[in-house]
Amino acid sequence: MEIIRLVLPGPAPTAQDTARLCARLALLYDSGASAVVCDAAAVTAPGLASVEALARLRLTAGDRPFRITGAGPALRALLDLVGLVELLGEAEEREPPGGVQEGVEPDDLAV
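Residues numbered from 1 in each chain as written. Predicted model: local features only at pLDDT ≥ 70, side-chain atom pairs only at ≥ 80, totals over all residues. Heavy atoms only, no water.

Participant: I'm lost on the pattern of salt bridges in this one. Help?
Facilitator: When the charged atoms of two side chains lie near each other, side chains of opposite charge can form a pair. Per the counting criterion, the structure on display carries three salt bridges. We note a salt bridge from Asp39 to Arg5, for which the minimum N-O separation is 2.5 Å. Highlighted residues: Asp39 in strand 2 (residues 35-39) and Arg5 in strand 1 (residues 3-7), separated in sequence by 34 residues. A relative accessible area of 13% means that Asp39 is categorised as buried. Exposure remark for Arg5: the relative accessible area of 57% places this residue in the exposed category. Where Asp17 meets Arg20, a salt bridge forms, and the shortest distance between an N and an O atom there is 3.6 Å. Of the two residues, Asp17 and Arg20 both sit in helix 1 (residues 15-30), three residues apart, roughly one turn of that helix. We classify Asp17 as buried; its relative accessible area is 16%. Arg20 sits in the partly exposed class, given a relative accessible area of 46%. (Salt bridge = Lys/Arg side-chain N within 4 Å of Asp/Glu carboxyl O. Helix = DSSP H or I, 4+ residues; strand = E, 2+ residues; numbered from the N terminus. Buried < 20%, exposed > 50% of the residue type's maximum accessible area, 1.4 Å probe, protein only.)

Structure below.
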């Protein structure tokens, strides 16, 4: 399984960077990449353009394996603020991670 690393430019990606990265991501998958890891460590001054870049990359990946790594505290906080923290592959607060089922006790009332 070939995993390719795609790097987000810092201190924050621009709209031109986003278009270029999405085109590159689509080309990587079309060329046979089985998974892509997006390194966001260089994003030290995140803004809404950073959020848009990550969201567009996720949409470009579709159902193919795509993971974001290296997100700093400011980027994590911004993604959490706009409700897109799941882009980082982490469960939101008070939500179980994906694939975890809540237990049901025999005497629980039906809802």
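Participant: Got a minute to help me understand the sheet that holds strand 3 (residues 66-69) in this structure?
Facilitator: Two modes of strand pairing occur in sheets, parallel and antiparallel, and in both the strands are linked by backbone hydrogen bonds. Strand order in the open sheet made by the three strands is 1-2-3, with parallel pairing throughout. Edge positions in the sheet fall to strand 1 and strand 3, since each of these pairs with one other strand and no more. Going from strand to strand, the sheet's axes swing by 25 degrees on average, the running direction of each strand aside. Sitting on the sheet, helix 2 (residues 48-61) is in contact with strand 1, strand 2 and strand 3, with an inclination near 155 degrees to strand 3. (Pairing = 2+ DSSP bridges. Axes fitted to C-alpha atoms, helices over the stretch in contact; angles between N-to-C directions. Contact = heavy atoms within 4.5 Å.)

Participant: How should I be thinking about the nonpolar core in this particular structure?
Facilitator: Side chains that are nonpolar tend, in soluble globular proteins, to be buried together. In this structure, Leu8, Leu25, Val36, Leu54, Leu57, Phe66 and Ile68 are the most contacted members of the largest nonpolar core, which totals 26 residues. Elements with a minimum of two residues in this core: strand 1, helix 1, strand 2, helix 2, strand 3 and helix 3 (73-81). For this core, the element with the most residues is helix 1, which contributes five residues. Those residues in contact with Phe66 that sit more than four places away from it in its chain are Leu25, Tyr29, Val36, Cys38, Leu57, Arg58 and Ala61. (Core = buried A, V, L, I, M, F, W, Y, C linked by side-chain atoms within 4.5 Å.)

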